[in-house]
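Spelled out from the first residue to the last, the chains are:
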Amino acid sequence: MLTKEFISEFSVKKSDKKIKKILSNIPHGSEPLIISEIKKYLSRDIILIAENSKRYNQIKDILNFLNLEDCHFFPEYDTNIYDRISPNKNIKSERVKTLINLQENKGPKLVLTTAQSSIQYLIDKGEGLYKKLSLDKDSNYNSKDIIKFLSDNGYSKVSYVREIGDYTVRGGIIDYYSHGSNLPIRLDFFGDKLEIIRQFDPITQISSTEFEYVDIYPCHEIILNKKLIERFRSNFNEEFGSKNKESKLYESISNAVLYPGIESWLPLFSDNKSTIFDYLKNPILIIDNDVIDYLENFKENINSQFINRLNFDEAEKSGDKYFALKPDKIFLDLNNYKNLINDYD
């Protein structure tokens, strides 16, 4: 187990020189215990980078069991970046929730992520794009504003709420299912007054636990508002020339319709880019030993997928070209990534 003396080296350094410590022979699964010890002595942000999603989920389960304060999770997509399939809504919702909470929480934070997610570009933090909607029982709200928030932030209107990202409206009742809630939430209004906030079973529709307040988080990383649509159109034309008539992607986004796999073009929605590191202040970096090897293989695979997409577009005659962004538009260059992580303790 780590000693207090070992950990204290990170807090008593007298210069700007970075401290590098290698812990060897650490059993898999013990990382959360190490982190819990570090958090006892240091009030600093910590980022733990797991090699892959399997390691990420193993560590996440233990962190949840330990119930550490200000612990946040930033998973990687469960799809290939050049797929015409969007990631699972749970994953997208959790990523956005984490970005919001990292911006709002000012104290020391712990973030668990993966190698792939840590190298991926995000929409510029300075955009202030992601916001949550907080509602209090017995307060007055315009229900149209709540419905607009749900619609603008990736929720789909359905007849009955069954899964994360669904919402429905029936008279003075708004049902929705947001990430982080075990069950859907029902907002019961009398006029403009929010009288009841409670969970309900999506199968039986029977209500259960009541709440005094609730936070509604977006369930998509890309918010198709007017500003971002115009920015996408401009950046798309700059990147690919005036070929927008050949792109179903361009047409869909111009009409504010989410396109399958839209995450592959996320950088086109922002003039500047961020990474998960930009949401942390001088963090202590804890990294799996094989992360760099994993990323070298990952980059080779991504380059291969990119070439396949170029070949597809060259052969495509039906007007359904893909228009793949270059890998370095979506991910940090690996050398820059190495320099970045070397800047941290």
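Scroll up a little and you will see the structure.
Residues numbered from 1 in each chain as written. Predicted model: local features only at pLDDT ≥ 70, side-chain atom pairs only at ≥ 80, totals over all residues. Heavy atoms only, no water.

### A word on the sheet that holds strand β1 (residues 46-50)
Phase 1 of the analysis: Judged by pairing direction, the sheet is parallel, and its 4 strands sit side by side in the order β2-β3-β1-β14 without closing on themselves. In this open sheet, the two edge strands, each paired with only one partner strand, are β2 (71-74) and β14 (284-287). Adjacent strand axes in the sheet meet at a mean angle of 20 degrees when their direction is disregarded.
Phase 2 of the analysis: Inspection of the sheet shows β1 paired to strand β3 (residues 110-114) by 5 bridges, in the parallel sense. Looking across to β3, one finds that Leu48 is bridged to Leu112.
Phase 3 of the analysis: Along the sheet, helix α4 (residues 89-104) makes contact with β2 and β3, crossing β2 at roughly 140 degrees. (Pairing = 2+ DSSP bridges. Helix = DSSP H or I, 4+ residues; strand = E, 2+ residues; numbered from the N terminus. Axes fitted to C-alpha atoms, helices over the stretch in contact; angles between N-to-C directions. Contact = heavy atoms within 4.5 Å.)

### What about the packing of helix α9 (residues 291-315) against helix α11 (residues 334-342)?
Phase 1 of the analysis: Following both chains from N to C, one finds α9 and α11 inclined at 160 degrees, their axes separated by 11 Å at the closest point. The angle between α9 and α11 places the two elements in the roughly antiparallel class. As α9 runs across α11, the sense of the crossing is right-handed. On α11, the residues touching Val291, Ile292, Leu295, Glu296 and Lys299 of α9 are Leu334, Tyr337, Lys338 and Ile341.
Phase 2 of the analysis: Here the residues of the contact of α9 with α11 sort into 6 nonpolar, no polar and 3 charged. (Parallel < 35°, antiparallel > 145°, perpendicular 65-115°, else oblique. Left-handed = near helix turned anticlockwise from the far one by under 90°. Nonpolar A, V, L, I, M, F, W, Y, C, P; charged D, E, K, R; others polar.)

### Some points on the sheet that holds strand β10 (residues 193-200)
Phase 1 of the analysis: One open sheet holds the 6 strands; their spatial order is β6-β7-β8-β9-β10-β11, and the pairing between them is mixed. Looking along the sheet, the strands with just one partner apiece sit at the ends: β6 (156-157) and β11 (207-211).
Phase 2 of the analysis: In the sheet, strand β9 (residues 185-190) pairs with β10 via 6 bridges, with the strands oriented antiparallel. Bridge pairing in β10 places Ile185 opposite Gln199.

### What to know about the pattern of salt bridges
Phase 1 of the analysis: Applying the stated criterion across every chain, the model contains 17 salt bridges.
Phase 2 of the analysis: In this structure, the salt-bridge partner of Lys132 is Asp215, at a minimum N-O distance of 3.5 Å. Here Lys132, found in the loop between β4 (122-123) and β5 (133-136), pairs with Asp215, found in strand β12 (residues 213-216); they are 83 residues apart in sequence, far enough to count as distant.
Phase 3 of the analysis: We classify Lys132 as partly exposed; its relative accessible area is 24%.
Phase 4 of the analysis: Asp215 gets classed as partly exposed once you look at its relative accessible area, which sits at 25%.
Phase 5 of the analysis: One salt-bridge network, held together by shared partners, links Glu127, Lys227, Arg231 and Asp271. (Salt bridge = Lys/Arg side-chain N within 4 Å of Asp/Glu carboxyl O. Buried < 20%, exposed > 50% of the residue type's maximum accessible area, 1.4 Å probe, protein only.)

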